[in-house]
Amino acid sequence: MVHQIRLFLPLGALALGIGACTQSLSEGTAVQLTEQRRAAAPDTSGYERRTPQDLNGIGKYYMGRQIAHVMGHEGAAWLDRSDRAREEDTDQLLRALKLKPTDVVADIGAGTGYFTFKMSALVPQGRVLAVDIQPEMLASLRETKAKLGARNVVPVRGTTQNPNLPAGQVDLVLLVDAYHEFDYPREMTRAIRQALSPTGRLALVEYRAEDPDVPIKRIHKMSVAQARREMAAVGLRLTDSVETLPQQHLLFFQK
Ligand SMILES: C[S@@+](CC[C@H](N)C(=O)[O-])C[C@H]1O[C@@H](n2cnc3c(N)ncnc32)[C@H](O)[C@@H]1O
């Protein structure tokens, strides 16, 4: 239900990025050859375009899952709704993260920073890198940071393909209700893997697709099987899970 009040803003280019490049762009024949090779090569990106079955999606599918529209900043107040803590048992979620005071944490798709600022208090000698692609969300984060004097919070402008995090330094990446709307999940998870320290963990929080009683649209949910497949594609394996939250999976992945 709650997701029905979301305002959606389709962000990001929908075209698939093809990384191939040629050094001889000025030579027409070389370009033509590259195009021919691209057309002949099997698509291993995991992406597909289809007519959307659900209009809350962008018509782009990753490993069989339709990607949802990005939640627009116009709906930001919903993220800070007063009954959220009870609805999602966010205290239990935060405890389950088992953060150490010195941890460097990245909250990707941080929105208004609902989790950013709660984690900031748990890592007083560490840092929280709060990543979002919407400048309006980052503006809201900066305002709250100033109000709370949360000096260990660092707002970071990401792109749809890159969270712009330092390589090998992050102890925990938290993704709450954000991953299913990443336009480029494969590029993002690859970049997350790179950002993790050798013992770093990715904590993925998504509404349980297996549970029809969770009152959220299907496109905003994810199953454990799907999450495992998508993370395995970039070399991340499921190492732990918490299934006692009221509506969401909390899944931990590591390299
Ligand atoms: C539904 S909100 C969740 C916000 C926050 N995690 C929370 O639970 O309160 C999803 C957020 O993810 C952001 N987002 C979507 N795609 C992103 C990407 N590729 N990189 C970083 N942020 C992204 C959106 O701008 C939005 O602020």
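For every chain, the first residue of the written sequence is number 1, and numbering continues from 1 along that sequence. For this predicted model, a pLDDT threshold of at least 70 governs which residues receive local features, and a threshold of 80 or more governs which side-chain atom pairs are given and counted, while totals over whole chains, interfaces and linings are taken from all residues. Side-chain measures were taken over the full set of non-hydrogen atoms in the model, leaving aside hydrogen atoms and water.

Novice: Which residues make up the overall build of the chain, and what are the values?
Specialist: Under the DSSP-based scheme used, a helix requires at least four consecutive residues in state H or I and a strand at least two consecutive residues in state E, with every element numbered from the N terminus. Along its length, the chain carries seven helices and eleven strands. Sequence separation of 24 or more characterises 68% of the internal contacts of the chain that already satisfy a separation of 6 or more. The contact criterion used is simple: two residues touch if any of their non-hydrogen atoms lie within 4.5 Å.

Novice: Now, about the environment of Glu 230: what can you tell me, with residues and values included?
Specialist: Checked against the element boundaries, Glu 230 lands in helix 7 (residues 224–232). Within the local environment of Glu 230, its side chain forms a polar contact with the side chain of Tyr 179, the two groups lying 2.6 Å apart. In protein, a polar contact means a hydrogen-donor-capable atom and an acceptor-capable atom, both N or O and within 3.5 Å, with residues adjacent in sequence counting only if both atoms are side-chain atoms; elsewhere, any N or O pair within 3.5 Å suffices.

Novice: Describe empty space enclosed by the protein, with residues and values.
Specialist: Cavity means a closed set of points on a 1 Å grid over the protein atoms alone, one where a 1.4 Å probe fits but cannot get out, pocket means an open set with protein on both sides within 12 Å along at least 5 of 7 lines, and lining means a residue has an atom within 4 Å of a point. Grid points are joined across faces, edges and corners, and a volume is the space filled by probe spheres set on the points. Across all of its chains, the model carries one cavity of 30 Å³ or more by this definition. If you add up the space inside the largest cavity, you get close to 400 Å³. Contributing to the lining of the largest cavity are 29 residues, with Gly 109, Ala 110, Asp 132, Ala 178 and Glu 181 lying nearest its centre. Contributions of two or more residues to the lining of the largest cavity are made by strand 4 (104–108), helix 4 (114–122) and strand 5 (127–132). Residue type decides the class: Asp, Glu, Lys and Arg count as charged, Ala, Val, Leu, Ile, Met, Phe, Trp, Tyr, Cys and Pro as nonpolar, and the leftover types, Gly among them, as polar. Taken together, the residues that form the lining of the largest cavity break down as 15 nonpolar, seven polar and seven charged.

Novice: If you had to explain the nonpolar core to someone new, which residues and values would you point to?
Specialist: Remark: nonpolar core denotes a set of buried residues (Ala, Val, Leu, Ile, Met, Phe, Trp, Tyr, Cys) joined through side-chain atoms within 4.5 Å. Here's how the labels work: a residue is buried when its accessible area is under 20% of the maximum for its type, exposed when over 50%, partly exposed in between, all with a 1.4 Å probe on protein chains only. In terms of nonpolar packing, the biggest core is built from 32 residues, with Ile 108, Val 173, Leu 175, Tyr 179, Leu 202, Leu 204 and Phe 253 touching the most fellow members. Ignoring sequence-local partners within four residues, the contact set of Phe 253 consists of Gly 200, Arg 201, Leu 202, Leu 204, Ala 227, Arg 228, Met 231, Leu 236, Arg 237, Leu 238 and Thr 239. The next biggest cluster of nonpolar side chains, apart from the first, holds 27 residues, and it includes Leu 93, Leu 97, Val 176 and Phe 252.

Novice: Just give me the short version of the packing of aromatic side chains, but keep the residues and values in it.
Specialist: The relative placement of two aromatic rings is captured by the distance of their centres and the angle of their planes. The aromatic pairing rule takes the rings of Phe, Tyr and Trp, using the six-membered ring of Trp, and pairs them if the centres are within 6.5 Å, calling planes under 30 degrees apart stacked, those over 60 edge-to-face and the rest tilted. Scanning the model with the defined rule gives four aromatic pairs in all. Look at Tyr 47 and Tyr 62: their rings are 5.1 Å apart centre to centre, the planes differ by 45°, and that puts the pair in the tilted class. Here Tyr 47 is found in strand 1 (residues 47–49), whereas its partner Tyr 62 is found in strand 2 (residues 57–62), with 15 residues between them in sequence. Judged on exposure class, the residue Tyr 47 and its partner Tyr 62 are both buried. The positively charged end of Lys 60 is found above the aromatic ring belonging to Tyr 47, 4.3 Å away from the centroid. One Lys or Arg, Arg 84, reaches over the ring of Tyr 114 and ends 4.4 Å from the middle of that ring. Cation placement over rings: the criterion is NZ of Lys or CZ of Arg within 6 Å of the ring centroid and within 35° of the ring normal.

Novice: Could you give an account of the site of the ligand, with specific residues and numbers?
Specialist: Neighbouring the ligand are 23 residues; Arg 84, Gly 109, Asp 132, Gln 134 and Val 176 lie closest to it. Between Gly 109 and the ligand, the recorded distance is 2.7 Å, taken from a backbone N or O atom to a nitrogen atom. For the ligand, an oxygen atom lies 2.6 Å from a polar atom in the side chain of Asp 132. Computed with a 1.4 Å probe, the accessible areas rest on the Shrake-Rupley method; for each residue, only the protein chains presented here act as cover. Across the complex, the protein chains shield 99% of the 600 Å² of accessible surface that the ligand would expose by itself. Judged by the proximity of its atoms to the pocket grid, the ligand belongs to the largest cavity. Put simply, a residue is near a molecule or strand once any heavy atom of it comes within 4 Å of that molecule or strand. Should more than half of a molecule's atoms lie within 2 Å of a pocket's or cavity's grid points, that molecule is taken to sit in it.

Novice: Residues and numbers for the layout of surface pockets, please.
Specialist: Where empty space is left becomes clear once a probe the size of a water molecule has been rolled over the atoms. Approximately 220 Å³ is the volume found for the second largest pocket. The wall of the second largest pocket is formed by 13 residues, among which Gly 64, Arg 65, Gln 66, Arg 218 and Ile 219 lie closest to the centre. Those elements giving two or more residues to the lining of the second largest pocket turn out to be strand 3 (65–68) and strand 9 (221–222). For the lining of the second largest pocket, the class distribution of residues is three nonpolar, five polar and five charged.

Purely geometric stuff here, so don't read any function into it on its own.
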